[in-house]
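# Structure assessment
Spelled out, the chains give:
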Amino acid sequence: MARAPLSLTSKPPLPPPTITPLRHQRSPLTTVRVSATTVTTTAMPDHHPSLEISGGAVDRFLPAFKSLHLPYKPFPIVGWNRHIETIFAAFFRKVPDVRYRRECLRTKDDGTIALDWASDDHRSLPADAPILILLPGLTGGSQDSYVKHMLVKARSKGWRVVVFNSRGCGDSPVTTPQLQSASFPRDTCHVVDHVSSRYPKANIYAAGWSLGGNILVNYLGREANNCSLTGAVSLCNPFDLVIADENLRKGFNNIYDRALREALCRTFTKHTPLFEDIEDKFNVQVGLNPQTVREYDEAITRVALGFNSVDDYYSNSCSCHVIQHVQIPLLCIQAANDPIAPIEGTPREDIKGNPNCMLIVTPQGGHLGWVAGDEAPFGAPWTDNVVMDFLEHLQKAAPISKENSSNAEDVQQGSEDVHQAKV
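Think of each chain on its own: its residues are numbered from 1, step by step along the sequence as written. Side-chain atom pairs in this predicted model are given and counted only at pLDDT of 80 or more, local residue features only at pLDDT of at least 70, and totals for whole chains, interfaces and linings cover all residues. Only hydrogens and water are set aside when side-chain values are computed; all heavy atoms of the structure are taken into account.

This part covers unusual backbone geometry. Between A376 and P377 the backbone carries a cis peptide bond, its omega angle lying at 5 degrees. The way it works is that DSSP assigns letters per residue, a run of H or I at least four long becomes a helix, a run of E at least two long becomes a strand, and they are numbered from the N terminus. Turning to its location among the elements, P377 is positioned in the loop between β11 (357-362) and α14 (383-397).

A simple rule labels every residue: compare its accessible area, found with a 1.4 Å probe on the protein chains alone, to the largest value its type can have, and call it buried under 20%, exposed over 50%, or partly exposed in between. Counting buried residues in strand β10 (residues 330-335) gives 6 out of 6 residues, a clear majority hidden from the surface. What you see with β10 is no split at all: L330, C332 and Q334 on one side and L331, I333 and A335 on the other are buried throughout. Criterion used throughout: strands pair if DSSP finds at least two bridges between them. Sheet analysis places strand β9 (residues 231-235) next to β10, joined by 4 bridges and oriented parallel. Within β10, the position partnered with A232 by the bridge is L330. Pairing geometry for β10 and β11, over 6 bridges, is parallel. Bridging from a neighbouring strand, L331 pairs with M358 of β11. Seen with its strands pointing away from the viewer, a crossover is right-handed when the path leading from the first strand over the helix to the second is clockwise. Of the crossover connections in this fold, the one passing from β10 over helix α13 (residues 348-353) to the parallel β11 is right-handed.

So, on to the UniProt feature "active site" (unreviewed entry) in the chain. UniProt positions are given in the numbering used here, feature names are shortened, and annotations may be inferred rather than shown by experiment. Listed under "active site" (unreviewed entry) in the UniProt record, and renumbered for this structure, are S210, D338 and H367. Across 158 residues of sequence, these annotated residues stay compact in space, with a maximum C-alpha separation of 10.4 Å. Taking the annotated residues in turn, S210 and H367 line the largest cavity. Within the secondary structure, D338 sits in the loop between β10 and α13. D338 sits in the buried class, given a relative accessible area of 3%. Residue contacts are counted whenever heavy atoms from the two residues lie within 4.5 Å of one another. Once residues within four sequence positions are removed from consideration, D338 is found in contact with R82, C236, G366 and H367. Two N or O atoms count as a polar contact when they lie within 3.5 Å, although within protein this holds only if one can serve as hydrogen donor and the other as acceptor, and sequence-adjacent residues are included solely when both atoms are side-chain atoms. In this structure the side chain of D338 is engaged in a polar contact, spanning 2.9 Å, whose partner is the backbone nitrogen of A341. Among the secondary structure elements, H367 is positioned in the loop between β11 and α14. For H367, a relative accessible area of 4% gives the class buried. Leaving out residues up to four positions away in the same chain, H367 has contacts with T86, S210, C236, D338, P339, I340 and A341. Definitions used for this entry: grid spacing 1 Å over protein atoms alone; cavity, a set of points where a 1.4 Å probe fits but cannot get out; pocket, an open set with protein on both sides within 12 Å along at least 5 of 7 lines; lining residue, one with an atom within 4 Å of a point.

In structure tokens:
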């Protein structure tokens, strides 16, 4: 297999895996409460002790999952070391063959967001089919293997899927001096509102990985009273960016810092002229050759967002500070050995205190890895079936149709798109 430059984002496409999901089902345990006059049978959800499961919504959501009573078994050799698993998943996981139809949105500040819709879904699916918005991680996009696997899994269930490529990611056009950031919920608002207006009959959900998970939870917490999503999933979310920043610069983790830094530089280099026009604000030279992700964020990201320092940017962009305000069903999945999103940053107490949130922590998994389950080692991550169990449970209980629009495609014509193209 050909080697690619070290990157935690896009990989060259490989032949799609043969996916044969196996469903493990068993009846929940029951208890019988006996009194002098009545006998009451109460269903009790259970899970395997290899998984840490908590949260204010456990009693509501745990019965939805078909496989959490089984032990989490990482794939031998690969799955027992967090660094091997992270790197293996980035380089050797198969990439499903997916075709996209690109739609670009113009934002109020003249920025551009690229949405990649699974090709032909607009013809083959009904207007009220549930929609899943996918938010990739830092510098990630619609070509990443973990994104495509989740897309394929959701489409197999009859879901419409769209990938939200943050500014500058996924080869999206850049029209303002601002690239992807952890603290800019307006773009997420714009995407959710656009998708909702385009398909007013559909329930809309979202799933985000790594920094995409942080962006998603920030949106859910900050826009709690205005959020039109029906449910959401956050995976390998760093949550506390101050802790994640410190962790990224320790020991072997420097290899991830270097990979992410190089990916940021490649994107920035393509669009440097936009930043040179206001060079008195941005440190363009450092942006072109930073020594760490932190240096890049100090030179470019925090300036674009108006923060006084990179520490100010990180501390104000932590989704752990707002998860307590989330008002829709939210599933968070973390790996206890994640080298990039350290488990220490996970806001366990706030998740326990929020009746809408549930947390699953696997003992292994690395970052964007989870090389376990029926499709390991080259197929879909262990998390994909868990995510779909949760989302389908919400969809079955969700109200059908938010509006009585006779033709959702008519709404599409009035949207703020710049152009559409097949990619």
